[in-house]
Amino acid sequence: MQMLKVFGILVLLGGLLLFFVGTGGAVMNFVFPPNELVCKYAEDDLKKADDSAKSYEKAKGTPGELAAKSEAERTIKAAQASNDSCGRAKESHLFYGMIFGGIGFVGFIGILLGAVFTLIGFRKKKTA
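A brief report on the enclosed structure follows. (Residues numbered from 1 in each chain as written. Predicted model: local features only at pLDDT ≥ 70, side-chain atom pairs only at ≥ 80, totals over all residues. Heavy atoms only, no water.)

**A closer look at the overall build of the protein chain**
The helix and strand inventory of the protein chain stands at three helices and zero strands. Computed over the C-alpha atoms, the radius of gyration of the protein chain is 28 Å, more than 25% above the 14 Å expected from 2.2 N^0.38 for a compact globule of 128 residues. Structurally, the protein chain occupies a C-alpha span of about 105 × 15 × 15 Å along its principal axes. Here the protein chain holds 128 residues, and the buried ones make up 23% of them. At a minimum sequence separation of 6, the contacts of the protein chain that also span at least 24 residues come to 87%. Approximately 9400 Å² of the protein chain is accessible, and the part contributed by carbon and sulfur atoms is 69%. (Helix = DSSP H or I, 4+ residues; strand = E, 2+ residues; numbered from the N terminus. Rg over C-alpha atoms; globule rule 2.2 N^0.38 Å. Buried < 20%, exposed > 50% of the residue type's maximum accessible area, 1.4 Å probe, protein only. Contact = heavy atoms within 4.5 Å. Areas by Shrake-Rupley, 256 points an atom, 1.4 Å probe, with all protein chains shown as cover.)

**Remarks on a nonpolar patch on the surface**
Taken together, the side chains of L18, F105, V106, F108, I109, L112 and L113 make up a nonpolar region of the molecular surface, amounting to roughly 620 Å² of accessible area. Top element by residues in the nonpolar patch is helix α3 (residues 65–122). It accounts for six residues. Secondary-structure assignment places L112 in helix α3. Owing to a relative accessible area of 44%, L112 belongs among the partly exposed residues under this scheme. (Patch = residues over 30% accessible without salt bridge, like charges linked within 9 Å, V, L, I, M, F, W, Y side chains within 5 Å. Salt bridge = Lys/Arg side-chain N within 4 Å of Asp/Glu carboxyl O.)

See below:
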């Protein structure tokens, strides 16, 4: 019974550690996701693409139409690339949040098992 006490306490402590690390990581990824710099760049690139598309519309039928068209195409492609990078960054927060949530769940199961083992280990034997 002494061995079961020690094993139960170790499992309980390990489960607590996993639970708090997993819960903390999940909260930080789901509730407080960091502001990605790449998403700020995507917003800026989208504004530039919008401005260059408007200037291309104004330049239609003028000698500068071809230059305005190529500039608009370039800025739109840059905005799409930045937007894709922002989406991948947000997907990674979701993925790591789910990983941490799984770790927290495993820690919760460890807490339950450790508590059961510890309680069994501390039970006194009935003397006949």
